[in-house]
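Chain by chain, the residues run as shown.
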Amino acid sequence: MENTTYQSTDFFVNNKLLELPIHMKYKETETNFYMNFHSHAGFEIYLFHEGSGYFLIEENIYPLEGNDMILISSLESHKSSPKLQTPSTRSAIHFLPELLEPEIRERFLSVFDRSNSHRHIRMSGERLRHFDYLLQRLHEEYARLNTGDLLAMRIYLNEMLLEIHRLVFNGEDHEVESIARNTINPKIEEAVKYLSKNFTSDISLEKLAQDLYINPYYLCHLFKKTIGLTITDFLNQTRIHHAKRLLANTKMPITEISEAVGFNSFSYFGRAFKKIAGITPRNYRNK
């Protein structure tokens, strides 16, 4: 089940962007939605219309409520973690930079930059209604696309990015709702940041709980409830994500990559990689 989810998100999006420089999902509703950490080419506008939960980008946690927008840069590891047993509705727009006009490309893509502290936006009022209109029109064009003519989608996406750029850099207080972070347990934030920065080390649950001054069993329960993954699964997915980067962008031997990302056993690395990515490390590199 988990393998299929990961593969269908990671490889599916990349393959779709090879066919067209844009791919989107529109207002899909599920009650028990599960997603592994994944990353893909292109940029992503993630829209959470209904429900509640959390969203992770690398080591950062964002609380999710209705009318939230998350901006994700290319190849960033991320996952959504809506509360289970509660309906959640979301849209996602994946696109490649080539869909934007060259003279405005750098300006619009700056909103996705890792240095931007406003990649989590909660909209309301007229701004929200206008954005919903643009999203609907973009989806209508995407759904009827059969000629390869991307002009209309370019127009709506560019206007959407213009609105986002204005919100991020010139937004008025009455147009963007404030986002409280008190729903995120600070111990879980600390745990995620610690695991994300020290994934190459041999990390024990006891040592992690001791450093955070928290009971290890309570830490496990709280982590799974918030992130949607066990601590071991989160650590393995983080390590595999970095292994994929090394496989794709270096000629480092696979045995060395296994050690570099924190696996003490090469055979365990191979099993973990195939479980998460759906294929072996060697086949991933060949792809």
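Residues numbered from 1 in each chain as written. Predicted model: local features only at pLDDT ≥ 70, side-chain atom pairs only at ≥ 80, totals over all residues. Heavy atoms only, no water.

What follows covers the confidence of the model for the chain. For the chain, the average pLDDT comes to 87, and 92% of its residues sit at 70 or higher. When the criterion is pLDDT under 50, residues 1-8 qualifies, and its contacts beyond four places in sequence or with other chains add up to 18 contacts. (pLDDT = per-residue confidence, 0-100. Contact = heavy atoms within 4.5 Å.)

In terms of residue burial, strand β5 (residues 68-72) counts as a mostly covered element, since five of its five residues are buried. Along β5, one buried face is formed by Asp68, Ile70 and Ile72 and the opposite face, lined by Met69 and Leu71, is buried too. Pairing geometry for strand β2 (residues 43-50) and β5, over five bridges, is antiparallel. Opposite Ile45, over in β5, you have Leu71 as the bridge partner. (Buried < 20%, exposed > 50% of the residue type's maximum accessible area, 1.4 Å probe, protein only. Helix = DSSP H or I, 4+ residues; strand = E, 2+ residues; numbered from the N terminus. Pairing = 2+ DSSP bridges.)

A rise of 1.5 Å per residue sets the reference length of helix α8 (residues 231-249), with its 19 residues, at 27 Å; its end C-alpha atoms lie 27 Å apart and thus fit the reference within 8%. For α8, every residue scored as buried is listed here: Ile231, Phe234, Leu235, Asn236, Gln237, Thr238, Arg239, Ile240, His241, Ala243, Lys244 and Leu247. (Expected span 1.5 Å × (residues − 1).)

Given a rise of 1.5 Å per residue, twelve residues ought to cover 16 Å, and the 16 Å separating the end C-alpha atoms of helix α7 (residues 216-227) matches this to within 8%. Turning to α7, its buried residues are Leu219, Leu222, Phe223, Thr226 and Ile227. The arc enclosing the buried residues of α7, seen along the axis, measures out at 105°, which places them on a common side. What points out from α7, more than 90 degrees from its buried face, is the exposed set Tyr217 and Lys225. Elements that come into contact with the buried residues of α7 comprise β3 (53-57), β4 (60-64), β6 (78-82), α5 (186-197), α6 (205-212) and α8. (Arc of directions from axis to C-beta.)

On to the layout of surface pockets, then. The volume enclosed by the largest pocket comes to roughly 480 Å³. Elements that contribute at least two residues to the lining of the largest pocket include exactly α1 (2-19), α8 and α11 (281-286). Split into classes, the residues belonging to the lining of the largest pocket amount to six nonpolar, six polar and five charged. (1 Å grid on protein atoms, 1.4 Å probe; cavity = no way out; pocket = protein on both sides within 12 Å on 5 of 7 lines; lining within 4 Å. Points joined across faces, edges and corners; volume = space filled by probe spheres on them. Nonpolar A, V, L, I, M, F, W, Y, C, P; charged D, E, K, R; others polar.)

Looking now at the pattern of salt bridges. Overall, the coordinates contain 13 salt bridges when judged by the stated rule. Two residues, Glu19 and Lys16, come together in a salt bridge whose shortest N-O distance is 3.9 Å. In this pair, Glu19 and Lys16 both sit in helix α1, three residues apart, roughly one turn of the helix. Residue Glu19 is classed as exposed on the basis of its relative accessible area of 58%. Taking relative accessible area as the criterion, Lys16 reaches 27% and is therefore assigned partly exposed. Glu163 is paired through a salt bridge with Arg166; the nearest N and O atoms lie 3.8 Å apart. Taken together, the positions of Glu163 and Arg166, both in helix α4 (residues 151-170) and three residues apart, correspond to about one turn of that helix. Ionic contacts of the salt-bridge type, sharing partners, join the residues Glu28, Glu30 and Arg90 into one network. (Salt bridge = Lys/Arg side-chain N within 4 Å of Asp/Glu carboxyl O.)

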